[in-house]
Amino acid sequence: MSRFVDRVVIHVAAGDGGNGVASVHREKFKPLGGPDGGNGGRGGDVVLVVDSQVHTLLDFHFRPNATAGNGKGGQGGNRDGANGADLELRVPDGTVVLTESGDLVADLTGEGTRLVAAQGGRGGLGNASLASKARKAPGFALLGEPGEAHNLVLELKSVADVGLLGFPSAGKSSLISVLSAAKPKIADYPFTTLVPNLGVITAGETIFTMADVPGLIPGASEGKGLGLDFLRHIERCAVLVHVVDCATYEPGRDPLSDIDALETELAEYTPSLAGDLAERPRVVVLNKIDLPEARELAELVRADVEARGLPVFEVSTASREGLRELTFALARVVEEYRASRPKQEATRIVLRPTAVDDAGFTVVEDPETPGGFLVHGERPLRWIRQTDFTNDEAVGYLADRLARLGVEDVLVKKGAVPGAQVTIGDLVFDWEPTTPAGIAMTMSGRGTDARLEPMNRVGAAERLAAKKSRRIPGSYADEDFEEDE
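Each chain carries its own residue numbering, running from 1 in the written order of its sequence. In keeping with the model being predicted, local features are shown solely for residues with a pLDDT of at least 70 and side-chain atom pairs are shown and tallied solely at 80 or more, while totals for entire chains, interfaces and linings include all residues. Excluding hydrogens and water, the side-chain figures rest on all heavy atoms present in the structure.

Within an unreviewed UniProt entry, the label attached to the chain reads GTPase Obg, and the organism entered is Saccharothrix violaceirubra. As recorded by UniProt, the Subcellular location (unreviewed entry) comment attached to the chain reads in full: "Cytoplasm". We quote the UniProt Cofactor (unreviewed entry) comment for the chain here in full: "Mg(2+)". UniProt positions are given in the numbering used here, feature names are shortened, and annotations may be inferred rather than shown by experiment.

Structure (structure tokens):
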């Protein structure tokens, strides 16, 4: 038996980027032929794609975890790693993507609409890409970035032009079954309809869709009955139809009280996408007039309903009386709604260049650590994730990148002193002033960095002062350092 699922929580994890590799070309008579380490491949993305052939979120109910492929590591011989495979998840038209806290991420409507739910990590650069005049044979490579991972809430909100509302057994399912080819379950007991039903209706040259949601009862907007779970399916409707049972024998119920109860639920329900439901165009359908007593009651209350400014139609799904007039009236309202909506313009790409004074990072005082500082910014965080901290040369390269970016200069202006605790992402270290961009860094062996040796750490500040007056022999000049983005 098929199931209808319209709300799920899924975990999406993009692929990790592959690591770069540190390799040196070797062949006969060329024992040191230069660096030839390839780059790591990009991690795969997790993408949500609207598919008109998908009508429920059932697949995600049974398989809530989605993981894209990881990028492959680079290899020697300048061979880059393969990119990870993207993972496309097919979702129904009208799927709303939310964060766990309820913040709207995207409203996916329209065949083929795509959303990158989790972006794959970048691949790390191999030492061939890191080579420069300053570092002719780097003994390190960059690590691949981890892919994004999120917990997302998917909610299905039916895309229909007309929404049918009413008490249980008011005749909504019967109405949609005779107006369209939809075949909902019909029975003479309350809450026969447990899931929304969609039907396509043709009236002249107008084609529109109709949604039949489970019956509402007083308190539905607060979670009673089934209304709260399915009121979201009428949020997108152009017109709401109150289907009123004129043949009910329930004590305390009559057409006017039923309409009042439905109006109250609409007013108290707060949709997340579009406007107040109580302000939507509404039509009242007095149903089951094939029964003599129901016809008398419909004629009796018609004037009172029209006095409220609501169009009224008396119909019978059994005898098909009044259905043609109702269908064309709904088509006119839908056409007016479509004409009032702004026309969709072609997608425009807006370029927003980075401000000339945007350093790409910020430095603030750490409120939890006296004398400490926090460094925020996408580039520093990315560089931290790409650094192999078991390799001293890689750590030195990170220090050069941060210095080149201006992090050390800002720390000095903020009043940082040697030994101050600095936090960048998950990295916490005691800051020691170094020379900018490795200007005073002496040559050292592959995989090592002289600045990380205890004796050289002590004299870092003195070397920085000396550089201002002269260039230290054997050091890297500014023009020799090539910044890698």
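(A) Spatial organisation of the overall build of the chain. When helices and strands are tallied, the chain shows 12 helices and 18 strands. We call a residue buried when its accessible area falls under 20% of the maximum for its residue type, exposed when it is over 50%, and partly exposed in between, using a 1.4 Å probe and counting protein chains only. Within the span of the chain, comprising 485 residues, buried residues form 49% of the whole. Throughout, a residue-residue contact means that at least one pair of heavy atoms, one from each residue, lies within 4.5 Å. Long-range pairs, those at least 24 residues apart, make up 71% of the contacts in the chain between residues at least 6 apart in sequence. Just so you have it, the chain exposes about 24800 Å², and 52% of that area is on carbon and sulfur atoms. Helix numbers and strand numbers start at the N terminus; a helix is a DSSP run of H or I with at least 4 residues, a strand a run of E with at least 2. All accessibility values rest on the Shrake-Rupley procedure with a 1.4 Å probe; residue burial counts only the protein chains present in the view.

(B) Inspection of the pairing of strand β9 (residues 162–165) at higher detail. A two-sided burial pattern is seen for β9, the buried positions comprising Val162 and Leu164 on one face and Gly163 and Leu165 on the other. Two elements, β9 and strand β11 (residues 206–212), share 3 bridges in a ladder whose sense is parallel. When the sheet's bridge partners are listed, Gly163 is paired in β11 with Ala211. Strands pair, by our definition, only if DSSP identifies at least two bridges between them. Pairing of β9 with strand β12 (residues 239–245) involves 4 bridges; the strand directions are parallel. Note on β12: the bridge partner recorded for Leu164 is Val241.

(C) Structural detail: the packing of helix α5 (residues 255–268) against helix α6 (residues 292–307). Contact geometry of α5 with α6 gives a least axis separation of 10 Å together with a crossing angle of 45°. When the interaxial angle is binned, α5 and α6 end up oblique. Mapping the contact onto sequence places Pro255, Leu256 and Ile259 in α5 and Leu297, Val301, Asp304 and Val305 in α6. Along the lines of polarity and charge, the residues of the contact of α5 with α6 split into 6 nonpolar, no polar and 1 charged. A fitted line through C-alpha atoms represents every axis, and for helices the fit uses only the stretch in contact; the resulting angles, taken between N-to-C directions, go from 0 to 180 degrees. Between 65 and 115 degrees an angle is taken as roughly perpendicular, under 35 as roughly parallel, over 145 as roughly antiparallel, and anywhere else as oblique. The residue classification treats Ala, Val, Leu, Ile, Met, Phe, Trp, Tyr, Cys and Pro as nonpolar and Asp, Glu, Lys and Arg as charged. All others, Gly included, are polar.

(D) Spatial organisation of the environment of Trp431. Looking at where Trp431 falls in the secondary structure, it is placed in the loop between β18 (427–430) and α11 (454–458). The exposure class of Trp431 is buried, given its relative accessible area of 4%. Other than its neighbours up to four places away in sequence, Trp431 contacts Glu408, Leu411, Val412, Ala416, Val417, Pro418, Gly419, Ala420 and Val422.

(E) Summary view of the pattern of salt bridges. Throughout this description, the term salt bridge denotes a Lys or Arg side-chain nitrogen within 4 Å of a carboxyl oxygen of Asp or Glu. If you walk through the whole model with that rule in mind, you get 16 salt bridges. The salt bridge involving Asp86 is made with Arg42; its shortest N-O contact spans 3.6 Å. Note that Asp86 is positioned in the loop between β3 (65–67) and β4 (87–91) and Arg42 in the loop between β1 (7–13) and β2 (46–50), a separation of 44 residues in sequence. Judged by its relative accessible area of 42%, Asp86 falls in the partly exposed class. The partner of Arg308 in a salt bridge is Asp260, with the nearest N and O atoms 2.5 Å apart. Here Arg308, found in the loop between α6 and β14 (312–314), pairs with Asp260, found in helix α5; they are 48 residues apart in sequence, far enough to count as distant.

(F) A look at the side chain of Ser177. Its location among the elements puts Ser177 in helix α3 (residues 172–179). Here Ser177 falls in the buried class, since its relative accessible area comes to 18%. One polar contact links the side chain of Ser177 to the main-chain carbonyl oxygen of Ser174, over a distance of 2.6 Å. Distance and chemistry together define a polar contact, namely a pair of N or O atoms within 3.5 Å, with one atom able to donate a hydrogen and the other to accept it when in protein, and with adjacent residues in sequence counting only for side-chain atoms on both sides.

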